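Structural description and commentary
This is what each chain is made of:
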Amino acid sequence: MTGPNPSPPEPRLTLKSQLEDLTLVWPWVEALGRQYSVPADTQFAIQLCLEEALSNIVRHGYGAQPSYPITVECAASGVAELVFTVEDHAPPFDPFAAAPPPAPTSIQELQPGGQGIRLMQKFATRLEYQHLTHGNRLTLAFAIPPTSNP
Amino acid sequence: MQISSEEMAGGITRVALDGRMDIAGAAVVDLKMNLIAGSAKKLLIDLAKVDFLGSMGLRSIVIPARAVNSRGGKVVLFAPNEMVESVLKTAGIDTLIPVRHDLDAAIAVLG
């Protein structure tokens, strides 16, 4: 674990479309968590959903081609929630357009990685997709309990 | 992320994971997990010290579990914390790979 960070984190993180860059997300979210007094369970949910959203973009949106841009921006909406906006320049893809795959009924049917959308729907408070002229925008919001934001 | 394994009585292989099962953590444990799963018949995956589980980390559990299961072996997930268990439940893993919080109960699953 890292110690307290005196300077607030940048509200915007720019990544390249490679899985290695996703390691930059964890310390950034930790720093935001300190800034906004985000409870540990909510930080877990944010890390989980951002990892899923970003790895989908890297692997599927950009087809594992590195060096394309992805930006993640964090804003506090009032005091009630943290809102993350993820933008890419990949071909249009609405991750929520199709129903999530049915739950597997045997270990052999388990598709590794097939449950990501279900995880995001469970752990984010609100999810929105928007098709941009040259890419995609995914908005993920997480409620922050009022006690952690006096 | 750390991974260690030990042979227990009854032919049980206990794999203890320690740390964050995120993308980086999954990459660290994947090879050893798959090696262990290549020979284990009764696999106890100890999640007590896993403080994060993402979808890449789930892969690191599901793929070895499938390998053991396909050879007629058994797998149990032991002592996940509340959030990690919530991930397992949401992904529907807990209905296919038993989750136990008591070591004796976990061993009984493998019996």
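Provided above is the structure to which this section pertains.
Procedures and definitions
Residues numbered from 1 in each chain as written. Chains lettered and ligands numbered in written order. Predicted model: local features only at pLDDT ≥ 70, side-chain atom pairs only at ≥ 80, totals over all residues. Heavy atoms only, no water. Helix = DSSP H or I, 4+ residues; strand = E, 2+ residues; numbered from the N terminus. Rg over C-alpha atoms; globule rule 2.2 N^0.38 Å. Buried < 20%, exposed > 50% of the residue type's maximum accessible area, 1.4 Å probe, protein only. Contact = heavy atoms within 4.5 Å. Areas by Shrake-Rupley, 256 points an atom, 1.4 Å probe, with all protein chains shown as cover. Lys, Arg positive; Asp, Glu negative; His and termini not counted. Charge placed at Lys NZ, Arg CZ, Asp CG, Glu CD. Pairing = 2+ DSSP bridges. Axes fitted to C-alpha atoms, helices over the stretch in contact; angles between N-to-C directions. 1 Å grid on protein atoms, 1.4 Å probe; cavity = no way out; pocket = protein on both sides within 12 Å on 5 of 7 lines; lining within 4 Å. Points joined across faces, edges and corners; volume = space filled by probe spheres on them. Polar contact = N/O pair within 3.5 Å; in protein donor to acceptor, adjacent residues only side chain to side chain. Buried area = accessible area lost by both parts, 1.4 Å probe. Salt bridge = Lys/Arg side-chain N within 4 Å of Asp/Glu carboxyl O. Nonpolar A, V, L, I, M, F, W, Y, C, P; charged D, E, K, R; others polar. Phe/Tyr/Trp six-rings, centres within 6.5 Å; stacked < 30°, edge-to-face > 60°. Lys NZ or Arg CZ within 6 Å of the ring centre and 35° of its normal.

Attention now moves to the overall build of chain B. Counting secondary structure elements, chain B contains 4 helices and 5 strands. In summary, chain B has a C-alpha radius of gyration of 12 Å against a globular reference of 13 Å for 111 residues, a match within 12%. In chain B, which comprises 111 residues, the share counted as buried stands at 54%. Taking the intrachain contacts of chain B between residues at least 6 apart in sequence as the baseline, contacts between residues at least 24 apart amount to 67%. About 4600 Å² of surface is accessible on chain B, with carbon and sulfur atoms providing 51% of the total. For chain B, the distance from the average position of its 12 positive side-chain charges to the average position of its 12 negative side-chain charges is 8 Å.

Residue and element names in this part refer to chain B. The 5 strands are arranged β1-β2-β3-β4-β5 in an open sheet whose pairing can be described as mixed. Taken across any chain shown, the strands that pair with only one partner, and hence form the sheet edges, are β1 (2–8) and β5 (99–100). Pairing geometry for strand β4 (residues 74–78) and β5, over 2 bridges, is parallel. Within β5, the residue paired with F78 across the bridge is R100. Its contacts with the sheet put helix α3 (residues 82–90) on β3 (42–53), β4 and β5, and the angle it makes with β3 is roughly 115°. Lying over the sheet, helix α4 (residues 103–110) contacts β1, β2 (12–21), β3, β4 and β5, oriented at roughly 165° with respect to β4.

Attention shifts here to empty space enclosed by the protein. Residue and element names in this part refer to chain A. One pass over the full model with this rule turns up 2 cavities of 30 Å³ or more. Estimated volume of the largest cavity: approximately 180 Å³. What lines the largest cavity is a set of 15 residues, and nearest its centre among them are A53, I57, D88, F93 and P95. Going through the elements one at a time, α2 (40–61), β3 (81–88) and β5 (135–143) are the ones with two or more residues in the lining of the largest cavity. Top element by residues in the lining of the largest cavity is α2. It accounts for 5 residues.

All names here are of chain A. The buried count for β5 comes to 7 of 9 residues, which makes it a mostly enclosed element. Note: β3 against β5, 8 bridges, orientation antiparallel. Each residue of the ladder has a partner; that of T85, found in β5, is T139. In terms of strand pairing, strand β4 (residues 126–132) meets β5 through 7 bridges, oriented antiparallel. Paired with Y129 across the bridge in β5 is L138.

With that out of the way, let us pick up the environment of D102 of chain B. All names here are of chain B. In this structure, D102 sits in the loop between β5 and α4. On the basis of relative accessible area, D102 is assigned to the partly exposed category, the value being 42%. Note: C-alpha distance between D102 and A79 (23 residues apart in sequence) is 7.2 Å. Within the structure, D102 has its side chain in polar contact with the backbone nitrogen of D104 (distance 3.1 Å). Within the structure, the side chain of D102 is placed 3.0 Å from the backbone nitrogen of A105, a separation counted as a polar contact.

To continue, consider the interface of chain B and chain A. Taken together, the 27 residues of chain B in the interface contact 27 residues of chain A. For the pairing of chain B and chain A, the buried interface totals around 2500 Å² over both sides, and the portion due to carbon and sulfur atoms is 71%. Contact with chain A buries area across many residues of chain B, yet R66, M83 and L96 of chain B alone supply 25% of it, more than any other trio. Across the contact surface, chain B and chain A share 0 salt bridges. Here chain B and chain A share 6 residue pairs in polar contact (both at pLDDT 80 or more) between them. Contributions of two or more residues to the side of chain B that touches chain A are made by α1 (23–37), β3, α2 (55–70) and α3 of chain B. Broken down by element, the residue count for the side of chain B that touches chain A peaks at 10 residues, all from α2 of chain B. Its residues assigned to classes, the side of chain B that touches chain A shows 16 nonpolar, 6 polar and 5 charged.

Scanning the model with the defined rule gives 6 aromatic pairs over all chains in all. On the numbers, 4.9 Å between centres and 10° between planes, the contact of Y62 of chain A with Y68 of chain A is stacked. We classify Y62 of chain A as buried; its relative accessible area is 5%. Chaining the aromatic ring pairs together yields one cluster made of W26, F44 and F123 of chain A together with F52 of chain B. One residue, R20 of chain B, lies across the ring of W26 of chain A, its end atom 3.9 Å from the ring centre.

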